[in-house]
Structures are given as structure tokens and as C-alpha cells.
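The lines below spell out each chain.
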Amino acid sequence: MNSVASAPGKAILFGEHAVVYGLPAIAVPLSGIRAYAYCSANESPLTLVTEDLPGPPLVYGSGAMDISDPMALVVKLTLQHLGASAMAGRVSLRSDLPIASGLGSGAAVSAALGRAIALLRGACIANSDLNSIVYEVEKLHHGTPSGIDNTVVVHEIPLFYRKDQAMDQIEIADPLWLVLADTGIAAPTRAAVADVRALANQAPARTAALFDRIGAIAHEARCCLERGATARLGELMSANHRLLRALHVSSIELDRLVEAALDAGAYGAKLSGGGRGGHIITLVDELSAGKVAQNLLEAGAKRVMTTTVGE
Ligand code: MEV
């Protein structure tokens, strides 16, 4: 039996960090940029091969698993959900998404792996169950995740996300053209989230005011997405980036790429995800995409990807 499971990356268009404190955020799946899990039955015990990571294959026998390893935790929780203790099979993981780069690589790999384990068992796993599993694994990556990454990656729909509230899908009126540019700097989300928490403890009133302004932007951005008001959407992205700078989660490299995108005619640009490194996202149109991508490379982006959302 050979089959493949997958899950997309994600981009946070608005509201990262503030979402951890209950403010709304907007995230979209990057359906063309995915993590894949190729499965075959002919190996025992269960063996995982990660094509993008060095080191020997990971083998999961019937003994205790090291559940501080995110992949072991996915395997354990998925097997538990399916009522099994051990299994055979081989899963080969490959991802288009660089690790710790703000595009939801951890959640996408976990979701693809959970689906692969279910496939190998000849079972189906509901998105809501997979979402709970991936959320548990996100705690290893992020510490105190809001749940936005796992939810958008597993359900693969544009979301107006609020922590602990029912899913709220956004209808995007006009497809969005995005150029994603990588600083090439791996930046673990956990550290940025912890630093924002320290800032919130140190300067609670100022930080809460920044979160409120980010939340207000997310509300207005939802209306813009539903009306196809692209130019205003771009302005809101850049305004959101300035607020993230005030939260100290940007960096010289991210700011340089944001400026380069705006100089080349992007509607707006911002960091996306935890920040400090990883990717910026820029809102463009079909005509400006090439020039923006070129400028970003000249400004030091390690790679750029152009994608559309909402088609
Ligand atoms: C990470 O993709 C988004 C953050 O808001 C963290 C979270 O929501 O869990 C920085």
C-alpha cells in the first residue's frame, strides 16, 4: 500500500502575538506550499524518515516513546486516538516549508504525519480530532500556543480566529496575491512569545494598548477581505507590522525586507508568525509580483515564493 497524506503551511495576515491574549487574528492556508507524508506498509516496526532533516530514521516499536520529540508525540496521540498501541509501516516526510520560519512548518508536518498514521491503520481521522492532537504537539513548539496555527493548517480554510471560540471562516472576495520572502534566519516562536509575555508583565498598559490596536486592525481587515478592498488591506498589513515592531518581535532583516517590498510597489508588507526572523508576507497584484520579488532578493531575501490565496 502506497499513499500520501499532506497539510498546507499557513500565513498569519493579521494579529499574531495579540491572538495569544484573546484578540482576533486572521490566518490563511498556503495550499500550494505543503508538508507531505508518503506511506508504505512494508516495514515493521513503524519507521519515520525525514527527508529534510539529518540523522537516522526514527523507529517506533512497542516500547515507551520519547514524547518530548514532536513526531513521537504525534504518533503516540494518533495511535491512542485510533485505539492502537503499536503499528507497522514506513512514513517518509518531506516539506516545502522551512523550519522555524513563520509558515507553520511544525503544525503542517504534525498534521500530515497524523493523517499518514491513520491511513496506514486503514482509518480516517476527523479534522476536529486531528486539530486537538496537533494542538498538543504545538505546545512543545510554542509553549503557550493560541491554537491558530493548528486550526488553519488542519482545516485549510481562511480564519478569523479567536482563542477558545468557535471556528469562523472568512469569505475572501478577491484572491490575494502574496509574495513571501525568507530572511533565512530560523527563529523559534517559543522565544518570541516568551519575550512578548515578559514585555506584557513589565509594561502591561502599553502592551495591552498595542494588542488592542492590533485587534482593531484585524476587525477592519476582515471587512476589507470580504469586500475585496485590497489597497486598504495592504495599508493595514503595514500598520500591523509597525505595531509588531513596537512589541519588539521584528528585526533589522525583517524591516529591510518590508521596506524593499513597499519600495517596489507592494500594497503592504509585514512579518508573519512569531517574528525575529522567518518570513515577511507582502500583498501585491499579478502585475507587481515579479518586481516585488526581484527587489526582495536584491535586499537580501534568501528565497521568495509567490502564491495566491482565496481562489
Ligand atoms: C505563531 O505562528 C503565532 C503566534 O501568535 C503564536 C500563537 O498564536 O500561538 C506568535
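Residues numbered from 1 in each chain as written. Predicted model: local features only at pLDDT ≥ 70, side-chain atom pairs only at ≥ 80, totals over all residues. Heavy atoms only, no water.

Caption draft 1: Just the sheet that holds strand β10 (residues 303–309), in detail. The antiparallel open sheet is built from four strands, whose spatial order is β8-β9-β7-β10. Either end of the sheet is taken by a strand with one partner, and the two such strands are β8 (268–271) and β10. Recorded for the sheet is a direction-independent mean angle of 20° between the axes of neighbouring strands. Of the strand pairs in this sheet, strand β7 (residues 176–182) and strand β9 (residues 279–284) are connected by six bridges, and their pairing is antiparallel. By the bridge assignment for β9, Ala 181 is matched with Ile 280. Docked against the sheet, helix α8 (residues 252–263) engages β7, β8 and β9, running at close to 170° with respect to β8. Where helix α9 (residues 289–298) meets the sheet, it contacts β7, β9 and β10, and its direction lies at approximately 10° from that of β7. (Pairing = 2+ DSSP bridges. Helix = DSSP H or I, 4+ residues; strand = E, 2+ residues; numbered from the N terminus. Axes fitted to C-alpha atoms, helices over the stretch in contact; angles between N-to-C directions. Contact = heavy atoms within 4.5 Å.)

Caption draft 2: Geometry of the packing of helix α2 (residues 105–120) against helix α3 (residues 127–142). α3 packs onto α2 with a crossing angle of 135° between their chain directions and a minimal axis gap of 9 Å. The angle between the axes of α2 and α3 places the two elements in the oblique class. In this structure, α2 meets α3 at a crossing whose hand is right-handed. In this structure, α2 contributes Gly 106, Ala 107, Ser 110, Ala 111, Gly 114 and Arg 115 to the contact, and α3 contributes Asn 127, Leu 130, Val 134, Val 137, Glu 138 and His 141. (Parallel < 35°, antiparallel > 145°, perpendicular 65-115°, else oblique. Left-handed = near helix turned anticlockwise from the far one by under 90°.)

Caption draft 3: Highlighting the packing of aromatic side chains. Following the criterion strictly, the structure yields two aromatic pairs and no others. Measuring from ring centre to ring centre gives 4.6 Å for Tyr 21 and Phe 211, while their planes differ by 20°; the resulting arrangement is stacked. Separated by 190 residues along the polypeptide, Tyr 21 in the loop between β1 (2–14) and β2 (25–40) and Phe 211 in helix α6 (residues 204–227) bring together distant segments of the chain. The class of Tyr 21 is partly exposed, set by a relative accessible area of 29%. On the basis of relative accessible area, Phe 211 is assigned to the buried category, the value being 5%. Their ring planes at 20° and their centres at 6.2 Å tell us that Tyr 36 and Tyr 38 sit as a pair that is stacked. (Phe/Tyr/Trp six-rings, centres within 6.5 Å; stacked < 30°, edge-to-face > 60°. Buried < 20%, exposed > 50% of the residue type's maximum accessible area, 1.4 Å probe, protein only.)

Caption draft 4: Examining the state of the cysteines more closely. Scanning the model with the defined rule gives zero disulfides in all. No disulfide involves Cys 39; its sulfur sits 13 Å from that of Cys 124, the nearest cysteine. Accessibility expressed as a relative area gives 3% for Cys 39, which makes it buried. (Disulfide = S-S within 2.5 Å.)

Caption draft 5: Examining the pattern of salt bridges more closely. Counted by the stated rule, this structure contains twelve salt bridges. In this structure, Arg 90 engages Glu 43 in a salt bridge whose closest nitrogen and oxygen atoms are separated by 3.1 Å. Of this pair, Arg 90 sits in strand β5 (residues 90–95) while Glu 43 sits in the loop between β2 and β3 (46–50), and the two are 47 residues apart along the sequence. Assessed through its relative accessible area of 27%, Glu 43 is described here as partly exposed. In this structure, Arg 232 and Glu 235 form a salt bridge, with 2.8 Å as the shortest nitrogen-oxygen distance. (Salt bridge = Lys/Arg side-chain N within 4 Å of Asp/Glu carboxyl O.)

Caption draft 6: Inspection of the site of the ligand at higher detail. Near the ligand you find 15 residues, and of these Lys 10, His 17, Pro 145, Ser 146 and Asp 149 are the closest. The backbone of His 17 places a nitrogen or oxygen atom 2.9 Å from an oxygen atom of the ligand. Note that an oxygen atom of the ligand is positioned 2.6 Å from one of the side-chain N or O atoms of Ser 146. Contact with the protein chains removes 99% of the 300 Å² of surface that the ligand exposes when unbound. Elements with a contribution of two residues or more to the shell around the ligand: β1, α4 (148–155) and α5 (189–202). (Near = heavy atom within 4 Å. Polar contact = N/O pair within 3.5 Å; in protein donor to acceptor, adjacent residues only side chain to side chain. Areas by Shrake-Rupley, 256 points an atom, 1.4 Å probe, with all protein chains shown as cover.)

Caption draft 7: Representation of the side chain of Ser 101 in the model. Residue placement: Ser 101 occurs in the loop between β5 and α2. Polar contacts involving the side chain of Ser 101 include one to the main-chain carbonyl oxygen of Pro 98, which spans 2.9 Å. Ignoring any residue separated from it by four or fewer positions in sequence, one finds Ser 101 in contact with Gly 278 and His 279.

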